Structures are given as C-alpha cells and as structure tokens.
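# Observations on chain architecture
Listed below are the residues making up each chain.
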Amino acid sequence: MHEDDKGEGRRPATEPTPTPPAGADQEFLALERELTVLLRRARANQGEMAREVHPDLESAAYGLLVRLDESGGRRATELAAYIGVGKATMSRQLRALEELGLIAREPDPADGRAWLVALTEEGRRRVGRVREARRGRYVRQLAHWPRSEVAELARLLHELNGVMEK
C-alpha cells in the first residue's frame, strides 16, 4: 500500500490510479474528497470530545448533548429527527446519558403526556467545558485566517447542512 504524508493507507501499488468519470466536474470531485477527509477527522474528534465529557460516553452521543446545550429541553422524537436516527437508537442513547447523569427527563408543559429531555447541571457543566476547549482550538488553528473567511466558512457549512438535511 502507498501511504500519504500522514502515514494513512491508500491504494495498493498494483492498483492503477483511478480515472475521474467522463465529464465529471473537478470541483465536485474535490468537494467529495475534502468532505471525506473532514468527516473522518470530525468522527475522530467527536470521540475524543465525548470521552472528555465522560469516559463512558459513546461518540455518537456528543452531538446530541451539543444540541441539548444549544436548544434546551426537546422531545426524544425531535432529537431523533434532528440527529437522523430511529426511535430505538435514540431511546438507547438517552437511557445511557440518563444513567451517566448528563440528562434528565421532565414533563412537557405543553403536553402532559409527553416528556422533554434536557441537560442536567452536571451535563451542562461538562459539555460547556469541552465546547469551550474546542472553540479555543479553532481560534488557535485558524488565527491566521481573516475573521471574514471564518464567518464565510461557517455560513457555507450552515448552508450545506441545510441542503443535506432535505
């Protein structure tokens, strides 16, 4: 296998270099390549951040905690739709978070039959500490970027996330 500059495996030496599909737009091929790298790194970072919140926390649950931190109490069905998982997966994740003392369920004031899920004070403290550290890393890593470019990147990612949600 050939390795890239970071020591990560690529294709076997006997495999020919892939040829882009006929008529493929180079911009979209570059987008696909860069998103693949970004998502791979994001998954690894998410696991690290989850363990910083709690050593027993699954990496997939970190995004759920961030959503609750930003939006307050939400119904489990709303959280499942936002994260893009089924009810069973969401129930399992919420049960694990509740057992770790990071979330609590409370009656929905708008509908007494439903429950809202919210961060506990301990959950809010832990998630806030990890998010603040992550923001600090972004500030250090992107210190040489003009603030306008950071804002533009955030805007474009927000727009991309909106398109991908549909």
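What comes next concerns the included structure. Only a predicted model underlies this, so the values are computations on that prediction, with no experimental measurement involved.

## What to know about the side chain of Gln-93
Relative to the elements of secondary structure, Gln-93 occurs in helix 4 (residues 87-99). Setting aside chain neighbours within four positions, we find Gln-93 in contact with Ala-60, Ala-61 and Leu-64.

## Section: the pairing of strand 1 (residues 103-108)
Note that strand 1 and strand 2 (residues 111-119) share six bridges and pair antiparallel. Residue pairing in the sheet places Asp-108 in a bridge with Asp-111 of strand 2. Once strand 1 ends, the chain turns through two residues before running back antiparallel as strand 2.

## Description of the packing of helix 1 (residues 26-53) against helix 5 (residues 121-141)
With their axes 9 Å apart at the nearest point, helix 1 and helix 5 run at an angle of 140 degrees to one another. One finds that helix 1 runs oblique with respect to helix 5. In the packing of helix 1 onto helix 5, the handedness of the crossing is right-handed. Contacts from Met-49, Glu-52 and Val-53 in helix 1 reach Arg-126, Val-127, Arg-129, Val-130, Arg-134 and Arg-137 in helix 5.

## What to know about the nonpolar core
Ranked by internal contacts, the top residues of the largest apolar core, which has 21 residues, are Val-53, Leu-57, Leu-65, Leu-97 and Ile-103. Of all elements in the fold, only helix 1, helix 2 (60-71), helix 3 (76-83), helix 4, strand 2 and helix 5 reach the threshold of two or more residues within this core. Ranked by residue count, the leading element in this core is helix 2, at six residues. Those residues in contact with Ile-103 that sit more than four places away from it in its chain are Leu-65, Leu-68, Leu-94, Leu-97, Glu-98, Val-117, Ala-118, Leu-119 and Thr-120.

## As for the environment of Glu-78
Within the fold, Glu-78 resides in helix 3. Look at Glu-78 and you get partly exposed, because its relative accessible area is 35%. Separated by 38 residues in sequence, Glu-78 and Leu-116 have C-alpha atoms that sit 9.8 Å apart.

## Describing a nonpolar patch on the surface
Where nonpolar side chains cluster on the molecular surface, the patch consists of Leu-38, Trp-145, Val-150, Leu-153 and Leu-157 and spans about 370 Å² of accessible area. Ranked by the residues each element gives to the nonpolar patch, the list is headed by helix 6 (residues 147-165), at three residues. Structurally, Leu-38 is set in helix 1.

## Re the pattern of salt bridges
Scanning the model with the defined rule gives 14 salt bridges in all. Note that Arg-125 and Glu-122 form a salt bridge whose closest N and O atoms lie 2.7 Å from each other. Linking Arg-125 with Glu-122, this pair stays in helix 5, spanning three residues, or about one helical turn. The class of Arg-125 is partly exposed, set by a relative accessible area of 47%. Measuring nitrogen to oxygen at the nearest pair gives 2.9 Å for the salt bridge that ties Arg-155 to Glu-159. Here Arg-155 and its partner Glu-159 are both found in helix 6, four residues apart, which amounts to about one turn of the helix. Judged by relative accessible area, which is 45%, Glu-159 ranks as partly exposed. Salt bridges linked by common partners bring Arg-75, Asp-108, Asp-111 and Arg-113 together as one network.

So, how was this worked out
Residues numbered from 1 in each chain as written. Predicted model: local features only at pLDDT ≥ 70, side-chain atom pairs only at ≥ 80, totals over all residues. Heavy atoms only, no water. Helix = DSSP H or I, 4+ residues; strand = E, 2+ residues; numbered from the N terminus. Contact = heavy atoms within 4.5 Å. Pairing = 2+ DSSP bridges. Axes fitted to C-alpha atoms, helices over the stretch in contact; angles between N-to-C directions. Parallel < 35°, antiparallel > 145°, perpendicular 65-115°, else oblique. Left-handed = near helix turned anticlockwise from the far one by under 90°. Core = buried A, V, L, I, M, F, W, Y, C linked by side-chain atoms within 4.5 Å. Buried < 20%, exposed > 50% of the residue type's maximum accessible area, 1.4 Å probe, protein only. Patch = residues over 30% accessible without salt bridge, like charges linked within 9 Å, V, L, I, M, F, W, Y side chains within 5 Å. Areas by Shrake-Rupley, 256 points an atom, 1.4 Å probe, with all protein chains shown as cover. Salt bridge = Lys/Arg side-chain N within 4 Å of Asp/Glu carboxyl O.

Just geometry here; none of it tells us what the structure is for.
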